[in-house]
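So the chains spell out like this:
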Amino acid sequence: MSARGFIGAGDVWLNRIDPDTGLHVGWVGPLEASKFAIKSNAELKELESKGRDSYGQVIESVPLQRPAEFSMTLREANKENITLMFMGEQSVLNQGSGSVTDESITLKAGYGSRLAFENIATAGFVLTSDPAGTTYVLNTDYTVNYRLGIVTAVPGSALATAVAGAGAGGLDLLVDYSYTAITGTRVQGAVQPQLRAWIKFDGKNFADGAPVIAEIHEAILTPEAEFDFLADDWNELPLQGRLKTPTGKSEPFVVDFRA
(Lines give C-alpha, C1' and ligand atoms only; values in the text may rest on other atoms or scores of the structure.)
Protein backbone atom coordinates (compact mmCIF):
# COMPACT_ATOMS: atom_id res chain seq x y z
CA MET A 1 0.00 0.00 0.00
CA SER A 2 1.39 3.36 -0.97
CA ALA A 3 1.83 6.17 1.54
CA ARG A 4 -1.01 8.64 2.03
CA GLY A 5 1.31 11.60 2.55
CA PHE A 6 4.62 12.87 1.29
CA ILE A 7 7.61 14.20 3.18
CA GLY A 8 10.56 14.12 0.87
CA ALA A 9 14.32 14.20 0.77
CA GLY A 10 16.59 13.99 -2.19
CA ASP A 11 19.54 15.07 -4.26
CA VAL A 12 19.60 17.12 -7.45
CA TRP A 13 21.60 16.19 -10.54
CA LEU A 14 21.97 18.73 -13.32
CA ASN A 15 23.24 18.55 -16.89
CA ARG A 16 23.63 21.97 -18.53
CA ILE A 17 23.13 22.51 -22.24
CA ASP A 18 25.98 24.25 -24.04
CA PRO A 19 24.40 27.33 -25.69
CA ASP A 20 26.86 27.21 -28.59
CA THR A 21 26.50 23.54 -29.51
CA GLY A 22 23.12 22.65 -28.02
CA LEU A 23 24.72 19.56 -26.48
CA HIS A 24 24.66 18.50 -22.86
CA VAL A 25 27.99 19.10 -21.12
CA GLY A 26 27.70 16.36 -18.47
CA TRP A 27 26.07 15.58 -15.15
CA VAL A 28 26.98 17.49 -12.00
CA GLY A 29 25.82 16.28 -8.59
CA PRO A 30 24.60 15.37 -6.16
CA LEU A 31 23.66 18.97 -5.39
CA GLU A 32 22.28 19.94 -1.99
CA ALA A 33 18.92 21.69 -2.34
CA SER A 34 16.34 23.08 0.08
CA LYS A 35 13.62 23.39 -2.56
CA PHE A 36 12.69 21.45 -5.67
CA ALA A 37 9.22 22.45 -6.84
CA ILE A 38 7.25 21.88 -10.04
CA LYS A 39 3.93 23.59 -10.80
CA SER A 40 1.69 22.56 -13.67
CA ASN A 41 -0.41 25.37 -15.11
CA ALA A 42 -3.67 25.72 -16.99
CA GLU A 43 -5.57 28.77 -18.20
CA LEU A 44 -9.35 28.69 -18.08
CA LYS A 45 -11.01 30.27 -21.11
CA GLU A 46 -14.66 31.00 -20.36
CA LEU A 47 -17.39 32.27 -22.63
CA GLU A 48 -19.75 34.42 -20.56
CA SER A 49 -23.26 35.28 -21.52
CA LYS A 50 -24.28 38.84 -22.31
CA GLY A 51 -27.94 37.81 -22.40
CA ARG A 52 -30.70 39.83 -20.78
CA ASP A 53 -31.56 37.20 -18.24
CA SER A 54 -28.32 35.19 -18.22
CA TYR A 55 -25.69 37.93 -18.13
CA GLY A 56 -22.43 36.71 -16.51
CA GLN A 57 -23.29 33.04 -16.68
CA VAL A 58 -20.83 30.64 -18.26
CA ILE A 59 -21.90 29.39 -21.66
CA GLU A 60 -18.75 27.34 -22.21
CA SER A 61 -15.49 26.73 -20.34
CA VAL A 62 -12.28 25.32 -21.81
CA PRO A 63 -9.06 24.74 -19.83
CA LEU A 64 -5.88 25.28 -21.87
CA GLN A 65 -2.57 23.81 -20.88
CA ARG A 66 0.11 26.43 -20.07
CA PRO A 67 3.88 25.99 -19.56
CA ALA A 68 4.84 24.30 -16.30
CA GLU A 69 6.87 26.33 -13.83
CA PHE A 70 9.87 25.22 -11.82
CA SER A 71 11.76 26.59 -8.84
CA MET A 72 14.80 25.22 -7.08
CA THR A 73 16.98 26.52 -4.28
CA LEU A 74 20.54 25.24 -4.12
CA ARG A 75 22.33 25.40 -0.77
CA GLU A 76 25.96 24.94 -1.78
CA ALA A 77 27.76 28.04 -3.04
CA ASN A 78 30.33 26.10 -5.07
CA LYS A 79 31.67 27.11 -8.46
CA GLU A 80 29.10 25.06 -10.40
CA ASN A 81 26.15 26.59 -8.57
CA ILE A 82 27.61 30.08 -8.66
CA THR A 83 27.98 29.72 -12.44
CA LEU A 84 24.27 28.93 -12.66
CA MET A 85 23.31 31.76 -10.32
CA PHE A 86 25.37 34.34 -12.22
CA MET A 87 24.24 33.04 -15.64
CA GLY A 88 27.89 32.61 -16.46
CA GLU A 89 30.54 30.46 -18.01
CA GLN A 90 33.65 28.89 -16.51
CA SER A 91 37.21 29.35 -17.69
CA VAL A 92 40.57 28.25 -16.34
CA LEU A 93 42.25 30.71 -14.00
CA ASN A 94 46.00 30.45 -14.55
CA GLN A 95 48.76 32.93 -13.77
CA GLY A 96 52.31 31.61 -13.88
CA SER A 97 55.03 32.77 -11.52
CA GLY A 98 57.68 35.28 -12.52
CA SER A 99 59.41 38.55 -11.72
CA VAL A 100 59.25 42.14 -12.96
CA THR A 101 61.95 44.81 -13.06
CA ASP A 102 61.25 48.54 -13.35
CA GLU A 103 57.51 48.30 -13.89
CA SER A 104 56.18 51.83 -14.24
CA ILE A 105 53.22 52.88 -12.08
CA THR A 106 51.66 56.24 -11.26
CA LEU A 107 50.43 57.16 -7.79
CA LYS A 108 47.83 59.90 -7.39
CA ALA A 109 46.95 61.58 -4.12
CA GLY A 110 44.42 59.52 -2.16
CA TYR A 111 44.47 56.56 -4.57
CA GLY A 112 46.30 53.27 -4.95
CA SER A 113 47.91 51.97 -8.13
CA ARG A 114 47.48 48.44 -9.43
CA LEU A 115 50.39 46.35 -10.64
CA ALA A 116 50.38 44.25 -13.78
CA PHE A 117 50.19 41.02 -11.74
CA GLU A 118 48.52 39.76 -8.57
CA ASN A 119 49.61 37.32 -5.84
CA ILE A 120 52.75 39.35 -5.22
CA ALA A 121 55.59 37.77 -3.24
CA THR A 122 56.19 39.48 0.11
CA ALA A 123 59.98 39.33 -0.28
CA GLY A 124 62.03 41.43 -2.69
CA PHE A 125 59.50 44.22 -3.30
CA VAL A 126 61.28 47.50 -4.16
CA LEU A 127 59.65 50.86 -4.94
CA THR A 128 61.78 53.75 -6.23
CA SER A 129 61.36 57.11 -7.89
CA ASP A 130 61.36 57.39 -11.68
CA PRO A 131 64.09 57.96 -12.69
CA ALA A 132 65.63 55.90 -9.90
CA GLY A 133 67.36 57.71 -7.07
CA THR A 134 65.00 57.56 -4.11
CA THR A 135 64.05 54.20 -2.59
CA TYR A 136 60.86 54.27 -0.54
CA VAL A 137 60.35 52.20 2.61
CA LEU A 138 57.67 49.52 2.81
CA ASN A 139 55.04 50.14 5.55
CA THR A 140 56.60 53.56 6.22
CA ASP A 141 56.08 55.23 2.84
CA TYR A 142 53.70 52.76 1.24
CA THR A 143 51.72 49.56 1.75
CA VAL A 144 51.04 46.67 -0.63
CA ASN A 145 47.96 44.50 -0.97
CA TYR A 146 49.87 41.44 -2.13
CA ARG A 147 46.81 39.45 -3.13
CA LEU A 148 45.48 42.15 -5.47
CA GLY A 149 48.77 43.84 -6.36
CA ILE A 150 47.77 47.35 -5.24
CA VAL A 151 50.31 49.89 -3.96
CA THR A 152 49.11 52.77 -1.71
CA ALA A 153 51.05 55.66 -0.18
CA VAL A 154 50.95 55.95 3.63
CA PRO A 155 49.29 59.27 4.57
CA GLY A 156 51.80 61.82 5.93
CA SER A 157 54.83 59.90 4.61
CA ALA A 158 57.60 61.26 2.40
CA LEU A 159 56.05 59.40 -0.52
CA ALA A 160 52.60 60.89 0.14
CA THR A 161 54.18 64.35 0.20
CA ALA A 162 55.92 63.69 -3.13
CA VAL A 163 52.67 62.38 -4.66
CA ALA A 164 50.77 65.47 -3.53
CA GLY A 165 53.49 67.72 -4.96
CA ALA A 166 53.26 66.00 -8.34
CA GLY A 167 49.79 67.43 -8.93
CA ALA A 168 46.78 65.93 -10.70
CA GLY A 169 48.91 63.86 -13.08
CA GLY A 170 50.37 61.85 -10.24
CA LEU A 171 53.88 60.67 -9.40
CA ASP A 172 55.68 58.19 -11.67
CA LEU A 173 57.44 55.35 -9.84
CA LEU A 174 59.36 52.14 -10.64
CA VAL A 175 58.66 48.76 -9.02
CA ASP A 176 60.64 45.53 -8.81
CA TYR A 177 58.79 42.46 -7.52
CA SER A 178 58.13 38.75 -7.92
CA TYR A 179 54.72 37.12 -8.25
CA THR A 180 53.57 33.58 -7.56
CA ALA A 181 51.27 31.28 -9.53
CA ILE A 182 47.48 31.47 -9.40
CA THR A 183 45.34 28.50 -10.43
CA GLY A 184 41.63 27.83 -10.18
CA THR A 185 38.37 28.52 -11.97
CA ARG A 186 37.03 31.87 -13.14
CA VAL A 187 33.28 32.42 -13.41
CA GLN A 188 32.51 34.95 -16.13
CA GLY A 189 29.23 36.43 -14.93
CA ALA A 190 26.20 37.55 -16.92
CA VAL A 191 27.36 36.18 -20.27
CA GLN A 192 24.43 33.80 -20.84
CA PRO A 193 20.96 35.24 -21.47
CA GLN A 194 19.46 32.00 -20.22
CA LEU A 195 20.51 28.66 -18.82
CA ARG A 196 19.01 25.42 -20.07
CA ALA A 197 19.47 22.14 -18.27
CA TRP A 198 18.30 18.55 -17.99
CA ILE A 199 17.54 17.98 -14.30
CA LYS A 200 16.93 14.87 -12.21
CA PHE A 201 15.72 14.65 -8.62
CA ASP A 202 16.84 11.48 -6.83
CA GLY A 203 14.45 11.42 -3.90
CA LYS A 204 12.47 9.30 -1.48
CA ASN A 205 9.28 9.61 0.51
CA PHE A 206 9.89 9.28 4.25
CA ALA A 207 6.29 8.16 4.68
CA ASP A 208 7.01 4.78 3.12
CA GLY A 209 10.71 4.90 2.18
CA ALA A 210 9.95 4.42 -1.50
CA PRO A 211 12.13 6.06 -4.17
CA VAL A 212 10.64 9.02 -6.03
CA ILE A 213 12.52 10.13 -9.16
CA ALA A 214 11.56 13.36 -10.93
CA GLU A 215 13.04 14.14 -14.33
CA ILE A 216 12.81 17.50 -16.08
CA HIS A 217 13.73 17.09 -19.71
CA GLU A 218 14.65 20.73 -20.26
CA ALA A 219 14.34 23.68 -17.88
CA ILE A 220 14.98 27.28 -18.90
CA LEU A 221 16.38 28.84 -15.72
CA THR A 222 16.95 32.35 -14.43
CA PRO A 223 18.14 33.57 -11.00
CA GLU A 224 15.37 34.51 -8.59
CA ALA A 225 17.45 36.65 -6.21
CA GLU A 226 20.78 38.36 -5.77
CA PHE A 227 23.84 36.70 -4.25
CA ASP A 228 25.08 38.64 -1.24
CA PHE A 229 28.78 38.02 -0.60
CA LEU A 230 28.44 39.68 2.82
CA ALA A 231 25.26 37.98 4.01
CA ASP A 232 25.10 37.27 7.76
CA ASP A 233 23.75 33.77 7.18
CA TRP A 234 24.40 30.93 4.75
CA ASN A 235 23.73 31.96 1.18
CA GLU A 236 21.20 30.00 -0.83
CA LEU A 237 20.87 30.11 -4.61
CA PRO A 238 17.23 30.31 -5.79
CA LEU A 239 16.53 29.58 -9.45
CA GLN A 240 13.24 29.66 -11.31
CA GLY A 241 12.08 28.96 -14.82
CA ARG A 242 9.78 27.30 -17.31
CA LEU A 243 9.79 23.72 -18.50
CA LYS A 244 10.06 22.84 -22.18
CA THR A 245 8.95 19.71 -23.98
CA PRO A 246 11.95 18.89 -26.17
CA THR A 247 11.86 17.05 -29.46
CA GLY A 248 11.16 13.36 -28.94
CA LYS A 249 9.26 13.84 -25.68
CA SER A 250 5.51 14.12 -25.13
CA GLU A 251 5.72 15.90 -21.78
CA PRO A 252 8.00 18.43 -20.05
CA PHE A 253 8.62 16.25 -16.99
CA VAL A 254 7.92 12.87 -15.44
CA VAL A 255 7.74 11.64 -11.85
CA ASP A 256 8.40 7.98 -11.11
CA PHE A 257 7.10 6.42 -7.90
CA ARG A 258 9.20 3.29 -7.76
CA ALA A 259 8.15 0.20 -5.84
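Every value quoted in this text rests on a predicted model; they were computed, and no experiment measured them.

(A) Representation of the nonpolar core within the structure. In terms of nonpolar packing, the biggest core is built from 24 residues, with Phe70, Met72, Leu74 and Ile199 touching the most fellow members. Going through the elements one at a time, β1 (8-17), β4 (58-74), α1 (79-85), β14 (195-205), β15 (211-223) and β16 (237-243) are the ones with two or more residues in this core. Beyond its immediate chain neighbours, meaning those up to four positions away, phenylalanine 70 contacts Phe36, Ala37, Ile38, Ile199, Ile216, Ala219, Leu221, Leu239, Gln240, Gly241 and Leu243. Of all hydrophobic cores here, the second largest spans 18 residues; its members include Leu127, Leu171, Leu173 and Tyr179.

(B) Structural view of the sheet that holds strand β9 (residues 135-136). As summarised here, the arrangement of the four strands in space is β6-β12-β8-β9, forming an open sheet in which the pairing is antiparallel. The two strands at the open ends of the sheet, each matched to only one other strand, are β6 (98-107) and β9. Where strand β8 (residues 126-129) meets β9, two bridges bridge the pair, whose relative direction is antiparallel. Note that in β9 the partner of leucine 127 across the bridge is tyrosine 136. Running over the sheet, helix α2 (residues 158-165) touches β6, β8, β9 and β12 (171-179) and is turned about 135° from β12.

(C) Region of the structure containing the sheet that holds strand β11 (residues 150-153). Judged by pairing direction, the sheet is antiparallel, and its three strands sit side by side in the order β7-β11-β10 without closing on themselves. The sheet terminates laterally at β7 (113-114) and β10 (142-145), the two strands that pair on one side only. Note: β10 against β11, four bridges, orientation antiparallel. Residue pairing for β11: valine 144 is matched across the bridge by valine 151.

(D) Examining the pattern of salt bridges more closely. Under the counting rule described, the total for this entry stands at eight salt bridges. Close ionic contact of aspartate 53 with arginine 52 constitutes a salt bridge, the shortest N to O distance being 3.3 Å. Here aspartate 53 matches arginine 52 in class, with each residue exposed. A salt bridge links glutamate 218 to lysine 244; its shortest N-O distance comes to 3.8 Å.

Criteria and cut-off values
Each residue is numbered by its place in its chain's sequence as written, counting from 1. For a predicted model such as this one, the threshold for reporting local features is a pLDDT of at least 70, and the threshold for listing and counting side-chain atom pairs is 80 or more; totals across whole chains, interfaces and linings nevertheless cover every residue. Hydrogens are left out, water is left out, and the side-chain values use all remaining heavy atoms of the structure. Buried Ala, Val, Leu, Ile, Met, Phe, Trp, Tyr and Cys residues that are joined via side-chain atoms within 4.5 Å together make up what is termed a nonpolar core. Between buried and exposed lies partly exposed: a residue is buried under 20% and exposed over 50% of the maximum accessible area for its type, with that area taken using a 1.4 Å probe on protein chains only. Helix and strand definitions follow DSSP, with helices as H or I runs of at least four residues and strands as E runs of at least two, each counted in order from the N terminus. Here, two residues are considered to be in contact whenever any of their heavy atoms come within 4.5 Å of each other. Any two strands with at least two DSSP bridges between them are considered paired. Only C-alpha atoms enter the line fits that serve as axes; for helices the fit covers just the stretch in contact. Angles between N-to-C directions range over 0 to 180 degrees. Salt bridge, as used here: a side-chain nitrogen of Lys or Arg that lies within 4 Å of a carboxyl oxygen of Asp or Glu.

Purely geometric stuff here, so don't read any function into it on its own.
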